[in-house]
Amino acid sequence: MELSKNFEPAAIDAKWYQHSLDKGYFNSTPDSREAYTVVIPPPNVTGVLHMGHCLNNTIQDILVRRARMQGKNACWVPGTDHASIATEAKVVAMLRERGIAKSSLTREEFLSYAWEWKEKYGGIILQQLKKLGCSLDWNRTSFTMDEAYYKAVIKVFVDLYNKGLIYRGKRMVNWDPASQTALSDEEVIFKDVDSKLYYVSYLFADGSGKITVATTRPETILGDVAICVNPTDERYKNITGKEVIVPIINRRISIIADEYVTADFGTGALKITPAHDKNDNMLGLKHHLKAIDTLDATGKFTAVELIDENPSELVLSYNGIDRFALRKKIVEDIAALGQIEKTEDYKGQVGTSERTGAVIESRLSMQWFIDMKKFMEKNPEALSAVMDDTIQFHPAKLKNTYSYWLSNIKDWCISRQLWWGQQIPAWYDEEGNYVVAATKEEAIIEYTNKFGVKPPLGGGLEGLKQDEDVLDTWFSSWLWPMEVFKGISNPGNKDVEYYYPTTTLVTGQDIIFFWVARMIMAGYEYKQVKPFKDVYFTGMVRDKQGRKMSKQLGNSPDLLGLIDQYGADAVRFGIMIASPAGNDLLFEESALEQGRNFNNKLWNALKLVKMWEGRIDDSSKMSDDSNAASNNSHLSTNNFALSWFENRLNEVKAEVDGLMQQFRLSEALKVIYSLIWDDFCSWYLEWVKPGFEQPIEAAFYKKTITFFTELMQLLHPYMPFVTEEIYHLLEERTDDLCVKQFTTANTIDKAVLQQGALLKAVITGLRDVRNKNQIKPKEQIKLHIQTADKTNYLHIENILCKQVNAKSILYASDAVAGTIATAIEKDKFYIETEQPLNTGNQKESLLKDLEHQKGFLLSVEKKLSNEKFAANAKPEVLAMEQKKKADALSRIKAIEESLAAL
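Since the structure is predicted, the reported quantities are computational estimates derived from the model, not experimental observations. (Residues numbered from 1 in each chain as written. Predicted model: local features only at pLDDT ≥ 70, side-chain atom pairs only at ≥ 80, totals over all residues. Heavy atoms only, no water.)

**Section: the overall build of the protein**
Counted only if it meets this: Secondary structure elements are taken from DSSP: a helix is a run of H or I of four residues or more, a strand is a run of E of two residues or more, and numbering for both begins at the N terminus. Buried residues are those whose accessible area, probed at 1.4 Å on protein chains only, stays under 20% of the maximum for their type, while exposed residues exceed 50% and partly exposed ones sit between those limits. What sets the accessible areas is the Shrake-Rupley method with a 1.4 Å probe; for residues, cover comes only from the shown protein chains. When charges are counted, Lys and Arg contribute as positive and Asp and Glu as negative, whereas His and the chain ends are disregarded. Throughout, a charge is located at the NZ atom of Lys, the CZ atom of Arg, the CG atom of Asp or the CD atom of Glu.
Scanning the protein for helices and strands turns up 30 helices and 31 strands. Based on the C-alpha atoms only, the size of the protein along its principal axes is roughly 110 × 65 × 50 Å. Out of the 902 residues in the protein, the part that is buried amounts to 53%. Only carbon and sulfur atoms are counted for the fraction: they give 50% of the accessible area of the protein, which is about 40,800 Å². Of the charged side chains in the protein, 109 are positive and 122 negative, and the gap between their average positions amounts to 3 Å.

What follows is the structure in structure tokens.
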């Protein structure tokens, strides 16, 4: 068949992905093989594919495809997370477009709309992963709101409650006024902001003076219940215990003392508002102060808790004003009283919602919590397993971050004031008494047992009402590695016993606490074993300016558009070629262009090799020793190229194995890329390429096809489509590369590799000399080699002649007069040409090379003289540096002798 000019990915990508699906290559069921299990970090059901997904899922696919080709039973589980906050926001927006308010719907009506939205849009990202080439077992697709999964989450809640690890209480929580729900500490993102520091004077109740307080939040002044100073602050020693008047509301409050207050911030006096600040709340509890809430769930002023104080018309006029507008209004009104002393610019931090971006309020709210310290006391392995490498982190430096968080863990607020999610299985009577049970029927039994009577209203189900709140999304996803195999809902089943613990988790550093830590906790609580063996942390994908990619900045490229433009293989290549584990990736589209160029390089190599197909000569036979690595030194000259590349291929196979075991996927790709682009295409194919209209030995051709096949197999996990296409075009196949098993790397002959390295260096050096001396490519030369060991060249003479267009190679014991001299490695070369010589050019070129070699020698000697380097370097690294020094000295000597001969 006639091959296209360039590789055309669109049709080829789709063809081979569908072929793999039809063959069931991605499907997995338990058998006798070693399992290699990966569970996808479930993307939000609201999500679409972006560069972070591209990096994360490409890495997973590389690992899974490679495991599959190693003979392991690879199982990669797909699925999505119901994402309570994000999904509910999408559904509310959809309803708004239809003219429907959430408040006008019952819970059941709203959930029917939510499921409608999920069915329409929820699978988009999974379909997009197919376009990227992800080899997921689609038969195992999970969703955190599937019926069995839902029941598993409820089961865990009931279990932890019964174990005393879950409790309900009114606590200060992070409140998102936009989504009107509580958030855990991990869901709050702190941002630097330019703010104002307002200096407000509070008048003493006895009219004897005033105290000045600096605050960034004057909008909460109407909730003040005390002024606090440091007991050691000499300025305030005589006024502790006095009463002051809160501006506008005219409430009398006391001045109290506590060491918590920092004397050198602001004025050293702090207003205490227990309902609106976590630290104030802590002080309020300690000093038995009342908490007065002046903001409602939406962040607007409410006078409900001020009614007993007979608030003025001014105070009542604030009702319904948003907190930030209220700040401006209250400052104006206090200023009108003459009690704003000054205002200063202030750089501070505010907490914002990870999902909505809204500024977080600290709010007293009745919520459900997990006692995390108690949980960790019960499951200490959640920390020790990571620290002793039972679970290995890549990069390992993140162990310290993990340890710090777990050692300073706070209780986890797990309730959310939403409707989309697993509804909390707590059941209340009209007086607020409650029981926890998975179903209403079980709740009635539990209620009767707990309180000694049946629920009100004759024991009917209407007598108990279920909690309106749902569970935090992370409370469902921390069960993901177990429950995708029904490990909670159906303990001990065949799948979970075979696939769990999973093998590798690939995830972002940003959810090390949200998800990774909690999965480890849940794993030890419910399976008494680690949930995975290795955790590979990807870095953040940033633009070339180092900024995080986001829609707001407009620097996040359209990933599907890039796949359409460059093909999935080029995108996968581009994202992987510069993404070392744990480090941020600076994305540039030029990396995808490099991937496309690589595709075309492979395609052109295929076309070159296929051109030889009609020129095969079956009459000539290759040496029987061509496959014997141990006899490589005795191979005929014609077979050197085959022997060298076979050794080079085995060398890279072993190197790639080592890099993959260390999760250095980017480095492994670079090694494969160099092997194919440089060693195979630029050197090997040039060395074995038959002359114009000349035949190629059948054995040579067959071996070349074998090499090409093995290269495609090595590259396949990274670039599955172009490699599969080339694999089938190289020769007639009955199998597919996708499931072709890797072969073990053979022992390498270092002598042959050294000869190959010498050959490449000599060819490169002599071509450079020809070019500098303007010797035309078609002009033949005579080459004289002055060497201490001419056996180094006996097996490579023919290739050397062909590559530098030399009609003969002669060996010299001294400088050859009337030639162009150069030094390469430890040897000297003299080029005899019919052109008149320009000794000035030669001298200039040699002097330039001499200067370079002396500079190189100096850098090596500097490194070797460094005591710290010499003491800490591995023996092989030290030996390499000493060899560099010896080689540099030899080259310098050869150049100086060539200069002397001139």
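**Looking at the sheet that holds strand β20 (residues 465-466)**
Here is the rule: Only strands that DSSP links by at least two bridges are regarded as paired with each other. Contacts are assigned to residue pairs that have any heavy atoms within 4.5 Å of one another. Between N-to-C directions, angles cover 0 to 180 degrees, with each direction set by a line fitted to C-alpha atoms, over the stretch in contact for helices.
Reading across the sheet, the three strands line up as β19-β18-β20 and stay open at both edges, with antiparallel pairing between neighbours. Strands at the two margins of the open sheet, each flanked by one partner only, are β19 (434-436) and β20. Pairing between strand β18 (residues 426-428) and β20: two bridges, direction antiparallel. Within the sheet, the bridge partner assigned to Y428 lies in β20 and is K465. Relative to the sheet, helix α13 (residues 440-451) contacts β18 and β19, its axis offset from that of β19 by approximately 125 degrees.

**Observations concerning helix α6 (residues 147-162)**
Spelled out, the test is: Each helix should span, by expectation, one fewer than its residue count multiplied by 1.5 Å.
Counted at 1.5 Å a residue, the expected span for α6 with its 16 residues is 22 Å, and the 23 Å between its end C-alpha atoms agrees. Taken together, the buried positions of α6 are occupied by Y149, A152, V153, I154, V156, F157, V158 and L160. Residue G164 follows α6 closely and has a positive phi angle near 80 degrees.

**Concerning the pattern of salt bridges**
Defined as follows: A carboxyl oxygen of Asp or Glu within 4 Å of a side-chain nitrogen of Lys or Arg is what we treat as a salt bridge.
This structure, assessed with the given rule, holds 57 salt bridges. Close ionic contact of R323 with E361 constitutes a salt bridge, the shortest N to O distance being 2.9 Å. Taken together, the residues R323 in helix α9 (residues 323-336) and E361 in strand β14 (residues 361-370) connect sequence positions 38 residues apart. As far as the burial class goes, R323 and E361 line up, both buried. One salt bridge connects E881 with K863, and the closest N-O pair in it is separated by 3.8 Å. One end of the pair, E881, is in helix α30 (residues 875-901); the other, K863, is in helix α28 (residues 839-864), and 18 residues separate them in sequence. Salt bridges here are not isolated pairs; linked through shared partners, they connect R217, E219, R323, R327 and E361.

**A closer look at the environment of L560**
Topologically, L560 is positioned in helix α18 (residues 559-566). Along the primary structure L560 and K885 are separated by 325 residues, whereas in three dimensions their C-alpha atoms are 51 Å apart. If near-sequence neighbours (up to four positions away) are discounted, L560 is found in contact with L49, Q128 and K131.

**Some points on the sheet that holds strand β5 (residues 166-176)**
Taken together, the four strands give an open sheet; going across it, the order is β6-β5-β14-β16, and neighbouring strands pair in antiparallel fashion. Because the sheet does not close on itself, it has two edges, and the strands there are β6 (181-183) and β16 (412-413). Pairing between β14 and β16: two bridges, direction antiparallel. Counted as the bridge partner of I370 is W412 from β16.

**Considering the packing of aromatic side chains**
Put simply, the rule reads: Whether two aromatic rings pair depends on their centres lying within 6.5 Å, for rings of Phe, Tyr and Trp, where Trp uses its six-membered ring; planes under 30 degrees apart make the pair stacked, over 60 edge-to-face, and the rest tilted. In our convention, an over-ring charge means Lys NZ or Arg CZ found within 6 Å of a ring centre and within 35 degrees of that ring's normal.
Overall, the coordinates contain 42 aromatic pairs when judged by the stated rule. Seen from their ring centres, Y161 and W368 are 6.2 Å apart, and the 70 degrees between their planes marks the pair as edge-to-face. You can see Y161 sitting in helix α6 and its partner W368 sitting in strand β14, a full 207 residues away along the chain. Seen from their ring centres, F393 and F537 are 5.0 Å apart, and the 80 degrees between their planes marks the pair as edge-to-face. Of the two residues, F393 is situated in strand β15 (residues 392-394) and F537 in strand β23 (residues 532-538); the sequence distance between them amounts to 144 residues. Note on accessibility: F393 and F537 belong to one class, buried. An aromatic cluster of three or more residues is present, and its members are F157, Y161, W368, F375, W412, Y428, Y434, F475 and W478. Above the face of the W419 ring, K102 is positioned so that its terminal group lies 4.9 Å from the ring centre.

**With respect to unusual backbone geometry**
Cis rather than trans, the peptide bond between H394 and P395 has omega equal to 5 degrees. Each neighbour pair has its own omega, and for Y500 with P501 the value is 0 degrees, a cis peptide bond. Residue position: P501 is located in the loop between α16 (494-499) and β22 (502-508). The phi torsion at N310 lies on the positive side, around 50 degrees, for a residue other than glycine. Exposure remark for N310: the relative accessible area of 67% places this residue in the exposed category.

**Digging into the pairing of strand β7 (residues 188-204)**
Across 13 bridges, the pairing between β7 and strand β13 (residues 340-353) is antiparallel. Directly across from V200, in β13, lies its bridge partner I340. Bridge count for β7 against strand β8 (residues 210-215) is six bridges, and the pairing is antiparallel. Bridging across to β8, L203 finds its partner in K210. Between β7 and β8, which pair antiparallel and follow one another directly, the connecting turn spans five residues, one of which, G207, has a positive phi of 75 degrees. Of the pairings in the sheet, the one linking β7 to strand β10 (residues 243-245) comprises two bridges and is antiparallel in character.

**Describing the side chain of E361**
Our working rule: A 3.5 Å cut-off defines polar contacts: any pair of N or O atoms within that distance qualifies, except that in protein one atom must be a possible hydrogen donor and the other a possible acceptor, and neighbouring residues in sequence count only when both atoms are side-chain atoms.
The exposure class assigned to E361 is buried, which follows from its relative accessible area of 5%. Within the structure, E361 has its side chain in polar contact with the side chain of R217 (distance 2.7 Å). Once residues lying within four places of it in the same chain are set aside, the contact partners of E361 are V173, N174, W175, P177, R217, H276, L295 and R323.

**A word on a nonpolar patch on the surface**
Applicable threshold: Patch members must show over 30% relative accessible area and no salt bridge, and they are joined within 9 Å when carrying like charges or within 5 Å when they are nonpolar side chains of Val, Leu, Ile, Met, Phe, Trp or Tyr.
Among the surface-exposed residues, V48, Y121 and I124 lie close enough to one another that they form a single nonpolar patch of about 220 Å² accessible area. Considering the arrangement of structural elements, one finds I124 in helix α5 (residues 124-132). Residue class for I124 comes out partly exposed when judged on its relative accessible area of 32%.

**Observations concerning the confidence of the model for the protein**
Heads up, the condition is: Note: pLDDT gives the predictor's confidence per residue, expressed from 0 to 100.
Residue-level pLDDT values for the protein average 91, and 96% of them are 70 or greater. In this model, residues 621-636 is a region of pLDDT below 50 whose contacts with residues beyond four sequence positions or in other chains number 27 contacts.

**Notes on the packing of helix α22 (residues 665-688) against helix α23 (residues 698-715)**
Selection rule: An angle counts as roughly parallel when it lies under 35 degrees, as roughly antiparallel when it exceeds 145, as roughly perpendicular when it falls between 65 and 115, and as oblique in every other case. Rotating anticlockwise by less than a right angle from the far helix to the near helix defines a left-handed crossing, while the corresponding clockwise rotation defines a right-handed one.
Where α22 meets α23, the closest approach of the two axes is 11 Å, and the angle between their N-to-C directions is 165 degrees. The angle between α22 and α23 falls in the class roughly antiparallel. Where α22 crosses over α23, the two elements pack in a sense that is left-handed. Here α22 contributes L669, I672, L675, I676, F680, Y684, L685 and V688 to the contact with α23, which in turn contributes F700, T704, F707, F708, L711, M712, L714 and L715.

**Describing the nonpolar core**
The condition that has to hold: Buried residues of nine kinds, namely Ala, Val, Leu, Ile, Met, Phe, Trp, Tyr and Cys, make up a nonpolar core once their side-chain atoms join them within 4.5 Å.
Ranked by size, the top nonpolar core spans 190 residues in total, and within it F475, W478 and L800 carry the most contacts. No other element matches the 15 residues that α22 contributes to this core. Excluding anything up to four places from it in sequence, F475 contacts V153, V156, F157, L160, I166, I370, W412 and I414. Ranked by size, the runner-up nonpolar core spans 37 residues in total, among them I255, L283, V315 and V331.

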